[in-house]
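# Summary of structural features
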Amino acid sequence: MILLLPTLAEPQHFSLLEKLLFAGLAVASAYSFWRRFGLVLGKILQSKKDPSFHFFPIGKRVWDFVWEVLFQAKVIRERPLPGLAHAFVFWAFCAFALVTLNHCAVVLGLGFLSPEGQIGRLYFYFAAVFALACAVSILCLFVRRFLIRPKWLGENLSYQSGVIALLIFVLMATYLASFFVADASPSARTLWWIHTLALLTFLPLIPHTKHLHLVLSPATVFLSRGSFSQIPPLSGDEDFGLVAGTDLTRLVSLQAYSCVECGRCTEHCPAANTGKLLNPKEIVLGLRGYLNDLGPASAEPLLGKYNAQEAVFQCTTCGACEFQCPVGIEHLPILVGLRRGAVNTGSWADGQGTKLFLNLERGSNALGLSPAERDKFIEKAGLPLFDGTQEYCLWLGCMGGYDPKGREIVAAFARVMNYLGTSYGVLRKEKCTGDPVRRLGNDLLFQQLAEANLEALAQNKVKKIVSICPHCVRTIQEDWKEYGTPPEIEHHSEFLARYADKLPHQTSPGPSHLEKIVFHDPCYLGRYRNVYDQPRTVVALAGELIEAPRNHERSFCCGAGGGLAFLGEETGERVSHNRAAELVATGAQTIAAACPFCNTMFRDALAATGEAAPELMDIAQLAARGLPQSGAS
Amino acid sequence: MKIVVAIKQVRERDAQVRIDAAGKWIEEGDLQFALNESDAYALEEALQLKEKSAAADGEVIVVSAGPERVGTTIREALAKGADRAIHIDCDDLGQRDALGVAHLLAAAIKPESPDLVLTGLQSEDLGLGQTGVILAELLGLPHATLILHVEKTETGLTVKRELEEGWFQSIDLPTPAVLTIQSGGNKLRYATLMGIKRAKTKEVRRVTAAELGVDTPPVVVLEQVTLPQKQKSTQILDGTAKEAAAALVEKLKFEVRVL
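Residues numbered from 1 in each chain as written. Chains lettered and ligands numbered in written order. Predicted model: local features only at pLDDT ≥ 70, side-chain atom pairs only at ≥ 80, totals over all residues. Heavy atoms only, no water.

## Brief notes about the sheet that holds strand β5 (residues 84-89) of chain B
Residue and element names in this part refer to chain B. The sheet built from nine strands is open, its strands ordered β9-β8-β7-β10-β6-β1-β4-β5-β11 with mixed pairing. Of all strands in the sheet, those bounded by a partner on one side alone are β9 (168-174) and β11 (204-208). Averaged over all adjacent pairs, the angle separating strand axes in this sheet is 35°, with direction ignored. Two elements, strand β1 (residues 2-7) and strand β6 (residues 116-120), share four bridges in a ladder whose sense is parallel. (Pairing = 2+ DSSP bridges. Helix = DSSP H or I, 4+ residues; strand = E, 2+ residues; numbered from the N terminus. Axes fitted to C-alpha atoms, helices over the stretch in contact; angles between N-to-C directions.)

## Observations regarding the pattern of salt bridges
If you walk through the whole model with that rule in mind, you get 48 salt bridges over all chains. When salt bridges that share partners are traced, they join R340, D435, R438, R439, D443, R474, D479 and E482 of chain A into one network. (Salt bridge = Lys/Arg side-chain N within 4 Å of Asp/Glu carboxyl O.)

## Regarding the domain arrangement of chain B
For chain B, the domain assignment lists domain 1 (2-212) and domain 2 (230-259). Placing the centre of domain 1 of chain B and that of domain 2 of chain B at their C-alpha centroids yields a distance of 43 Å. (Domains from an automatic or database assignment.)

## Here we look at the sheet that holds strand β7 (residues 590-593) of chain A
All names here are of chain A. Across the sheet, which stays open at both edges, the four strands sit in the order β6-β5-β7-β8 with parallel pairing between neighbours. At either margin of the open sheet sits one strand with a lone partner, and together these are β6 (544-546) and β8 (615-618). Sheet twist, expressed as the average angle between the axes of neighbouring strands with direction ignored, equals 35°. Here strand β5 (residues 516-519) runs beside β6; their pairing, made up of three bridges, is parallel.

## Looking at unusual backbone geometry
Of all residues except glycine, most have a negative phi; of all peptide bonds, most are trans. Residue P57 of chain A is bonded to the preceding F56 of chain A through a cis peptide linkage, with omega at 0°. With respect to the helices, strands and loops of the structure, P57 of chain A is situated in the loop between α1 (16-46) and α2 (58-70). The peptide bond linking T175 of chain B to P176 of chain B adopts the cis configuration, its omega dihedral lying at -5°. Following the sequence through the fold, P176 of chain B ends up in the loop between β9 and β10 (177-181). Positive phi, normally seen in glycine, also occurs at A184 of chain A, with a value near 60°. Residue placement: A184 of chain A occurs in the loop between α6 (159-177) and α7 (186-208). Even without being glycine, K461 of chain A reaches a positive phi, approximately 55°. Mapped onto the elements, K461 of chain A comes out in the loop between α20 (443-459) and β3 (464-467). Exposure remark for K461 of chain A: the relative accessible area of 59% places this residue in the exposed category. (Buried < 20%, exposed > 50% of the residue type's maximum accessible area, 1.4 Å probe, protein only.)

## Here's the deal with helix α3 (residues 98-109) of chain B
Residues and elements named next belong to chain B. Given a rise of 1.5 Å per residue, twelve residues ought to cover 16 Å, and the 16 Å separating the end C-alpha atoms of α3 matches this to within 8%. A large share of α3 lies buried, amounting to nine of its twelve residues. Listed in full, the buried residues belonging to α3 are A98, G100, V101, A102, L104, L105, A106, A108 and I109. If you follow the buried residues of α3, they end up packed against β1, β4 (59-66), β5, β6, α4 (131-139) and α6 (209-212). (Expected span 1.5 Å × (residues − 1). Contact = heavy atoms within 4.5 Å.)

## Points about the domain arrangement of chain A
Residues and elements named next belong to chain A. By the assigned domains, chain A splits into domain 1 (2-222), domain 2 (228-344), domain 3 (368-498) and domain 4 (505-631). Using only C-alpha atoms to locate each centre, domain 1 and domain 2 end up separated by 30 Å. Domain 1 puts 29 residues into the contact, and the matching count from domain 2 is 36 residues. Summed over both partners, the interface of domain 1 with domain 2 comes to about 3000 Å²; 56% of that surface belongs to carbon and sulfur atoms. Of all residues in domain 1, the largest losses of buried area upon contact with domain 2 belong to K43, K48 and W152, amounting jointly to 22% of the total for that side. At the junction of domain 1 with domain 2, the criterion picks out 17 residue pairs in polar contact (both at pLDDT 80 or more). Contributing elements (two or more residues each) for the side of domain 1 that touches domain 2: α1, α3 (73-78) and α8 (213-223). Considering only residue class, the side of domain 1 that touches domain 2 consists of twelve nonpolar, seven polar and ten charged. (Buried area = accessible area lost by both parts, 1.4 Å probe. Polar contact = N/O pair within 3.5 Å; in protein donor to acceptor, adjacent residues only side chain to side chain. Nonpolar A, V, L, I, M, F, W, Y, C, P; charged D, E, K, R; others polar.)

## Some points on empty space enclosed by the protein
Residue and element names in this part refer to chain A. One pass over the full model with this rule turns up nine cavities of 30 Å³ or more. Every residue lining the largest cavity is counted, 17 residues in all, and those nearest its centre are P232, D239, L242, T249 and R340. Here the element with the most residues in the lining of the largest cavity is helix α14 (residues 331-344); it accounts for three residues. The residue makeup of the lining of the largest cavity, split by class, is seven nonpolar, four polar and six charged. When residues of the lining of the largest cavity are assigned to domains, at least three fall in each of domain 1 (2-222) and domain 2 (228-344). As a volume, the second largest cavity reaches approximately 140 Å³. Every element with two or more residues in the lining of the second largest cavity is listed here: α17 (397-402), α19 (435-440) and α21 (470-477). Top contributing element to the lining of the second largest cavity by residue count: α17, with four residues. (1 Å grid on protein atoms, 1.4 Å probe; cavity = no way out; pocket = protein on both sides within 12 Å on 5 of 7 lines; lining within 4 Å. Points joined across faces, edges and corners; volume = space filled by probe spheres on them.)

## Some points on the pairing of β4 of chain B
Residue and element names in this part refer to chain B. Most of β4 is tucked away: seven of the eight residues are buried. As judged from the six bridges shared by β1 and β4, these two strands associate in the parallel manner. Paired with A6 across the bridge in β4 is V63. In this sheet, β5 lies alongside β4 in parallel orientation, the contact comprising six bridges. Note that in β5 the partner of A65 across the bridge is I88. In this fold, β4 hands off to helix α2 (residues 70-80), which returns the chain to β5; that crossover is right-handed. (Right-handed = clockwise from strand over helix to strand, strands pointing away.)

## Observations concerning the packing of aromatic side chains
Counted according to the given criterion, the structure contains 33 aromatic pairs over all chains. Judged by centre distance (5.5 Å) and plane angle (50°), the rings of Y123 of chain A and F126 of chain A are tilted. Of this pair, Y123 of chain A and F126 of chain A both sit in helix α5 (residues 118-148), three residues apart, which is roughly one turn of that helix. With a relative accessible area of 18%, Y123 of chain A lands in the buried category. For F126 of chain A, a relative accessible area of 42% gives the class partly exposed. Through a chain of ring-to-ring contacts, the aromatic side chains of F96, F124, Y125, Y175 and F179 of chain A assemble into a single cluster. It is R189 of chain A that lies over the ring of F14 of chain A; its NZ or CZ is 5.3 Å from the centre. Over the aromatic face of F33 of chain B sits the side chain of R69 of chain B, whose NZ or CZ is 3.9 Å from the ring centroid. (Phe/Tyr/Trp six-rings, centres within 6.5 Å; stacked < 30°, edge-to-face > 60°. Lys NZ or Arg CZ within 6 Å of the ring centre and 35° of its normal.)

## Regarding helix α18 (residues 404-420) of chain A
All names here are of chain A. With 17 residues, α18 should reach 24 Å at 1.5 Å per residue; the first-to-last C-alpha distance of 25 Å fits that figure. A large share of α18 lies buried, amounting to twelve of its 17 residues. Listed in full, the buried residues belonging to α18 are K405, G406, R407, I409, V410, A412, F413, A414, R415, V416, M417 and L420. A positive phi of about 75° marks G421, the residue just after α18.

## With respect to the nonpolar core
Counting residues in hydrophobic clusters, the biggest one holds 120 residues, and the most contacted among them are Y175, W348 and F357 of chain A. Ranked by the residues each element gives to this core, the list is headed by α5 of chain A, at ten residues. Not counting residues within four places of it along the chain, the set of residues in contact with W348 of chain A comprises Q309, F313, A342, V343, G353, F357, L440 and L567 of chain A together with Y190 of chain B. Within the second largest apolar cluster, 40 residues are counted, among which are L394, I409, L503 and V531 of chain A. (Core = buried A, V, L, I, M, F, W, Y, C linked by side-chain atoms within 4.5 Å.)

## Quick notes on the side chain of Q506 of chain A
Residue and element names in this part refer to chain A. With respect to the helices and strands, the residue Q506 is situated in the loop between α22 (492-498) and β5. Judged by its relative accessible area of 15%, Q506 falls in the buried class. One polar contact links the side chain of Q506 to the main-chain carbonyl oxygen of L622, over a distance of 2.7 Å. Leaving out residues up to four positions away in the same chain, Q506 has contacts with L514, L541, A542, L622, A623, R625 and G626.

Listed below in structure tokens is the structure:
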């Protein structure tokens, strides 16, 4: 079979002039590559070392590398068609490594793959399959970028990308054409030279363009902090977050140079989608610009010319950007780091933000209410106090303890726990977990709140916590670790799903009459905690679960996260209105939420949309709705 | 300009207070303490005056009298930007009247010869509103009270006083002077991590009443502290909404006299 196929034509003999010409061009190309790449590498290595960086456990790093880089899984999953096209280009590059080495080696008479030999022949066919797939893919990607022009790629056409696409196409086309010309013919020699010139032009273009990601992003993925939104601890007395160039760590600089400008972060960003200044891609490119112009030794503030403070404080920390990024950029440590730099040094002056900080400096909750209000609610709702004998500590949080709607959620969840016979109690005193100040970058206040709460939990000998608020759950479980060992904690959706078979199914007359319920994935439950199925199990008890267009890890934020619920009016469209409209458009009779912050945002948004808004309920309220009336406490 | 700010640590605003066994003060064991609100505004005013001034020799010194725990409030003031502090160590603040406390503060402030002394207009716990004015008298300085805004002029100061019913008064006075500051004139700043770290190296001088040579017996003696009697007189107005509204207006006009 193989014998019937054409053979790769490769010139075997080169004149001295050709050899010298090749050597000269190769040296020039390599020099031009290194001149820029060495500079970039220098900037990365001159950046501050990451104090909390650990290679181990290395298994996760290897797995991420194999899955995200070699298999291109993230690239494909999040944008299937362009992702697959990109994967073919990538795989072709991998397959071409040997071909290219051999291609250059033949000039010196050192070719190691022979088109005549069995192995060489097989390998050239193997590479040809990839070359074909790559050529088709790059054409499709070219059409997408220059004719379809998705807005995420930016308003300006990137001509660099066009040149690169052309070069890749030429590389593949010349390779494939070499199968159809006679061995040792002038055509074969011409093809060889075109291929060589394309190759030597391509090499120096890599570090000069966003194609730098070819070289850097495999390292970025391998070296990334590894868990979602991992905010590194500050180290030493002079570390206040990302203030100036001297605070940029090697990881941040590496990530800044790795950005491939694909715009997936922007595509999913709630701020960028509602007309705000923030664009996560531009934040990363702003840092790159800073590094290019000023370098990592500069004392010039990072916020100012290169990135706007206003943009940094528009982030809801929903994490859609970091979740999407195919090259391992961790946007949240960067955005929160820039906020830390501004807040820890006092350069962020925002009326509402300062009010939130002062409320938490002096009081106990983010809403700025008297703790006596919480006591009154506990008494009125008949919630037992935690005394060390109960299984669960029911953590109320600011919303559950002080917000009228949050209290309804707590009361409903307490009814379910009473029905199930679970023993629980609430703490006599509780402070805000520090979630809003953590995300806004106030480390002083966050530490005070975390330490005070950890001490109270230890004094009360709490072993297990359950909470209705994904923000509390995340902050207690992950962020408090910097200051102690928090007790085990779970979100009420996880608790409720575990007892789903003990809870009544709310059956309707017929399947066609089932109440349609759309579930909104809270960012801090989904992307932050990887909990998607449990709340859906609870919703399914109450009616027919339907999905919004953006669901699971692509869920769109309600606009409350990152402390933004406590800041002033948004510019542009409200994030909550955008998401609420999407949920209403599903035609559901009920919107199910699993976070008191989402709940309060949607309550306001639905009130603004007017008459026929669907009902808004927490999953705890849906579960409690089906309980027999005697189960009420 | 050298500015001294006299501050007081009081129980946290929303704390549930209980009267102690002797009936002379509140039980302090369980309480959290914070900076008195109008003192926080006095500090803010001082910091802003220093920041606005072109002169590099500006200094803000906080002075506070009280037990060991006052140290945390002093640190907070240093973190917000005060340059150094004097802690007058005394456990018997409760037994001293306003005159006695003013004597302590005056003795500590006098050697500093400041250009301006600021303090809150009253404390959140006792609310006497006298310490600042007595302090002015003891220092032999002119004073003005209920100040919302201070501006430095060529010859001294121009201050904005709050009067009743939305009226304000503008006064010029010479320096040195004592001003008692009303809450709400400025936006307060939050304490920052950098501020706290910098505060660690700032000087806090501790002195005792004996070292200051102050031994004033109280003129006013606190007899007893009681919680206010809770009284709720809820009235339900019957009738249709229209009738109830009319009755409500009647009551607000003639009984409560707020309309």
